[in-house]
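Remarks on the overall topology
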Amino acid sequence: QVQLVESGGGLVQAGGSLRLSCAASGRTFSSYGMGWFRQAPGKERVFVAAISRRGGSTDYADSVKGRFTISRDNAKNTVYLQMNSLKPEDTAVYYCAADRNPPVYGVRRRGYDYWGQGTQVTVSS
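One structure accompanies this document, and this report is about it. (Residues numbered from 1 in each chain as written. Predicted model: local features only at pLDDT ≥ 70, side-chain atom pairs only at ≥ 80, totals over all residues. Heavy atoms only, no water.)

Regarding the pairing of strand β5 (residues 46-51)
Both faces of the sheet carry side chains from a regular strand, because those side chains alternate between them. In plain terms, the rule: We call a residue buried when its accessible area falls under 20% of the maximum for its residue type, exposed when it is over 50%, and partly exposed in between, using a 1.4 Å probe and counting protein chains only. The secondary structure listing takes helices from DSSP runs of H or I that are at least 4 residues long and strands from runs of E that are at least 2 residues long, numbered from the N terminus. Any two strands with at least two DSSP-identified bridges between them are counted as paired.
Burial of β5 is extensive: five of the six residues sit out of reach of the surface. For strand β4 (residues 33-39) and β5, the ladder comprises five bridges, and the chain directions are antiparallel. When the bridges of β5 are listed, Met34 appears paired with Ile51. A loop of six residues connects β4 with β5, the two strands running antiparallel in sequence, and Gly42 in this loop sits at a positive phi of about 75°. Direction of pairing for β5 relative to strand β6 (residues 58-60): antiparallel, over a ladder of three bridges. Note that in β6 the partner of Ala50 across the bridge is Asp59.

Let's talk about the side chain of Asp90
Put simply, the rule reads: Residues adjacent in sequence count toward polar contacts only when both atoms are side-chain atoms; beyond that, a polar contact is any pair of N or O atoms within 3.5 Å, and within protein one must be able to donate a hydrogen and the other to accept it.
Relative to the helices and strands, Asp90 resides in the loop between β8 (78-83) and β9 (92-99). For Asp90, a relative accessible area of 1% gives the class buried. Only 2.7 Å separates the side chain of Asp90 from the side chain of Arg67, close enough to count as a polar contact.

Regarding empty space enclosed by the protein
Summary: where empty space remains is shown by rolling a probe the size of a single water molecule over the atoms. How we decide: The pocket and cavity definitions rest on a 1 Å grid over protein atoms only: a 1.4 Å probe that fits but cannot leave marks a cavity, an open set with protein on both sides within 12 Å along at least five of seven lines marks a pocket, and residues lining either have an atom within 4 Å of a point. Grid points are joined across faces, edges and corners, and a volume is the space filled by probe spheres set on the points. Three categories are distinguished: nonpolar for Ala, Val, Leu, Ile, Met, Phe, Trp, Tyr, Cys and Pro, charged for Asp, Glu, Lys and Arg, and polar for the others, with Gly belonging to the last.
Enumeration over the complete set of coordinates arrives at one cavity of 30 Å³ or more. Empty space within the largest cavity amounts to approximately 40 Å³. Lining the largest cavity are Gly33, Met34, Ile51, Ser52, Asp99, Pro102, Pro103, Gly106, Val107, Arg108 and Tyr112. Of the residues assigned to the lining of the largest cavity, the class counts are six nonpolar, three polar and two charged.

Function-wise, these values are silent; they only describe arrangement.
Right, here's the structure in full:
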């Protein structure tokens, strides 16, 4: 099992940037596919971005493509989400998630096994 702790959320003006971090416990971090999801008030949690075990494959929701970048540092057991050109509609609680059985090729947008507690991102207009 892996435990995930997000950080880096906060309040930012539209057009600004934030970088979220997700620190994972355990010695098998590099075996997990990792993803970021978000949940806005009154809405369901949705996929944002995912990265493969070694970082060679990534995937993004259309709403964030070109603005957000997911990356990972397996030596530090950490996955990141760099968010640029933020918009008010990006306001949400952002969750980090781990996939213990990632596909051999690519990444998946659902079926994650472990979740962090979330970090709030608020973008003011």
